[in-house]
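Structure at a glance
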Amino acid sequence: MKKLINISVLSILILFGGCKKFLDEKPLAQVALDQFYKNKYDVDAAMAGMYSEFQVEMVGRSQYTENYLFWGEYRSDNFDRFLIYTKDYIDEMMLNSLTPTNRFSDWTGLYAIIGKANNNIKYIPRAAELDSRITPELKDNYLAQAYAMRAISYFYIVRVWGDAPIWTEPYEDLKSPSERPRESKDQVLNTVVIPDLEKAYSLIKKGDKPVVWNIGEGAICAMLADAYMWKKDYPNALKWMTNLFLAKSPAGSAYAGTNESNLQSADTWKSIFTNPKDSKETIWSIHWDYTKNGCACMETSWTANNKQIIVDEGIWASWFQPQTTPERNTDIRPRQTLDVFTGLPNNKRDRFIKWYPTVANPTASDPWPATNEMVPVYITMYRLADIYLLYAEASNGNGDMATALKYLNFVRKRAGLPVYDAADPLVASKADMENAILNERQMELFGEGKRWFDLVRTNHVKQVMDPILKRRQLEAGNLEAPGFIEPETRVYWPLNRNVLNSNPKLTQNPGYTD
């Protein structure tokens, strides 16, 4: 079980932890909420509770429950099930046969975060009236983070499930209706996610050096760019990435966004993940401290137990395994992402080392000391290379292939790879350029919860996943091997049966039975 950050976090969760129904995002207080938000201490505790809830939702409430990757990556071509240790809910995911009983089909935790954000948005201004230590600037900073946290929670819901009920106010009265129907994903994006982020940006102080674990100016811009990319609104996505370049990193320097030197240098690439607070590339990361929270026991973390998920054989063969040969290319990333040497020639493809301080140019297997379990794990939400590649994608979508090529090459050059020439057939057309950018994102952001969302956003799910699923389905004994069926609907997860049972106004996603 994960421990909460501190006693103040525990107290806020106790106060605000109950829900009337399984669906509800609105925690019901044991005392009136306006009686709790009395001073800066209360507000700090409420903010810590909101962040703690998000942290646990992403990293997991127990071993191998990391929604960060189950939602954002494990369904993609990056990972596959480990046949010896696989569980039913993982088989469902890797074979595209998800059911409403799958443990990761439940959005309740995200609505709990939304509930805490709603409380903060309503009651922090009242607390500021009572405690002079909550200055107008500090109040705006708190509110900016709360609006942005509500937005990112709804953005996850839209990307994972599509349509969703909207709650933008605290639930404070048990007599009030607690059941709402789903609103369209476009409405959630257009009336909640984007307005909340624009509100957050208007409140946040510009030019401040941010705390890497908090949502700051750069993180708000990154979320807005991401949301507009999801809408394929490339001009607005480019606008918010340009705004991000004006913001400061946790290291204190402006992101700038002018060339590859604004990225973390090649020889210190690993520090983005092992020391994000001092990285000029970091935008927003989650801090998981072993001494306070216990093991960050994700499938991609070091654990003493056997893994249920491993790197897919396709990308192992094309990107990782060649790094064990004398003919390997100069890419700095694969050997700092996965231990490619252990157990050769039958590497289990499960020793993910991206989060750990391994050497920059490993030439042999990592010894994996027991103390690895006690090393803090910093989960990357956004960083500058991610934004560079989104900038390339948006530029390409906007018809500016020259700029797309420039930003794609910034990332390739830092990785130690040859840059593309404009005449290269791999980037010759708009479609070719998009594929090259997606391929670069797959490698640069491997294990960072992006790949599945990239495939869905660019409508590449069927193209990429169909042959992989057919292979897996044949290996599992399904001789029909239908591949990725109903891609228009089954890119979304089903709604969990408990969520459906709690609210008769909800309907199941198409392609799934209740």
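What comes next is a walk through the structure. Every chain's residues receive numbers from 1 upward, in the order its sequence appears when written. Residue-level local features of this predicted model are given only where pLDDT is at least 70; pairs of side-chain atoms are given and counted only at 80 or more, and the full residue set underlies all totals for whole chains, interfaces and linings. Side-chain figures throughout are based on the complete set of non-hydrogen atoms in the structure, without hydrogens or water.

1. Brief notes about the packing of aromatic side chains
Any Phe, Tyr or Trp ring, taking Trp's six-membered ring, that has another such ring centre within 6.5 Å forms a pair; planes under 30 degrees apart are called stacked, those over 60 apart edge-to-face, and the others tilted. Taken as a whole and assessed by the stated rule, the structure comprises 35 aromatic pairs. Taken together, a centroid distance of 5.5 Å and an interplanar angle of 20° make the contact between Phe54 and Trp284 stacked. On the criterion of sequence distance, the pair formed by Phe54 in helix α3 (residues 40-59) and Trp284 in strand β2 (residues 282-288) is long-range, its members being 230 residues apart. Assigned by exposure class, Phe54 and Trp284 land together as buried. Between Trp71 and Tyr156 the ring centres are 6.1 Å apart and the planes differ by 50°, which places this aromatic pair in the tilted class. Runs of E in the DSSP output that reach at least two residues are strands. Runs of H or I that reach at least four are helices, and both are numbered from the N terminus. Buried residues are those whose accessible area, probed at 1.4 Å on protein chains only, stays under 20% of the maximum for their type, while exposed residues exceed 50% and partly exposed ones sit between those limits.

2. Some points on empty space enclosed by the protein
Points on a 1 Å grid, built from protein atoms alone, make a cavity when a 1.4 Å probe fits but cannot get out and make a pocket when they are open with protein on both sides within 12 Å along at least 5 of 7 lines; residues with an atom within 4 Å of a point are the lining residues. Grid points are joined across faces, edges and corners, and a volume is the space filled by probe spheres set on the points. Counted by the stated rule, this structure contains three cavities of 30 Å³ or more. Empty space within the largest cavity amounts to approximately 160 Å³. Lining the largest cavity are 18 residues, with Arg159, Asp226, Tyr382, Gly449 and Lys450 positioned closest to its centre. Mapped onto the lining of the largest cavity, the elements with two or more residues apiece are α7 (136-161), α9 (217-230), β4 (377-383), α15 (384-397) and α18 (451-457).

3. Some thoughts on the environment of Gly314
Tracing the backbone through its elements, the reader meets Gly314 in helix α13 (residues 313-320). On the accessibility criterion, Gly314 (33% relative accessible area) is partly exposed. Taking the C-alpha atoms as reference points, Gly314 and Arg497, 183 residues apart in sequence, are found 34 Å from one another.

4. Thoughts on the environment of Asp339
You can see Asp339 is positioned in the loop between α14 (334-337) and β4. A relative accessible area of 2% places Asp339 in the buried class. Each C-alpha atom of the pair Asp339 and Met50 lies 35 Å from the other, and the pair is 289 residues apart in sequence. A contact between two residues is defined here by any heavy atoms of the two lying within 4.5 Å. Discounting residues that sit within four places of it in the chain, Asp339 has contacts with Asn347, Arg351, Ile353, Ser365, Asp366 and Trp368. Nitrogen and oxygen atoms within 3.5 Å of one another constitute a polar contact, given that in protein one can donate a hydrogen and the other can accept it, and given that sequence-neighbouring residues count only through two side-chain atoms. For Asp339, the side chain forms a polar contact with the side chain of Thr342, separated by 2.6 Å.

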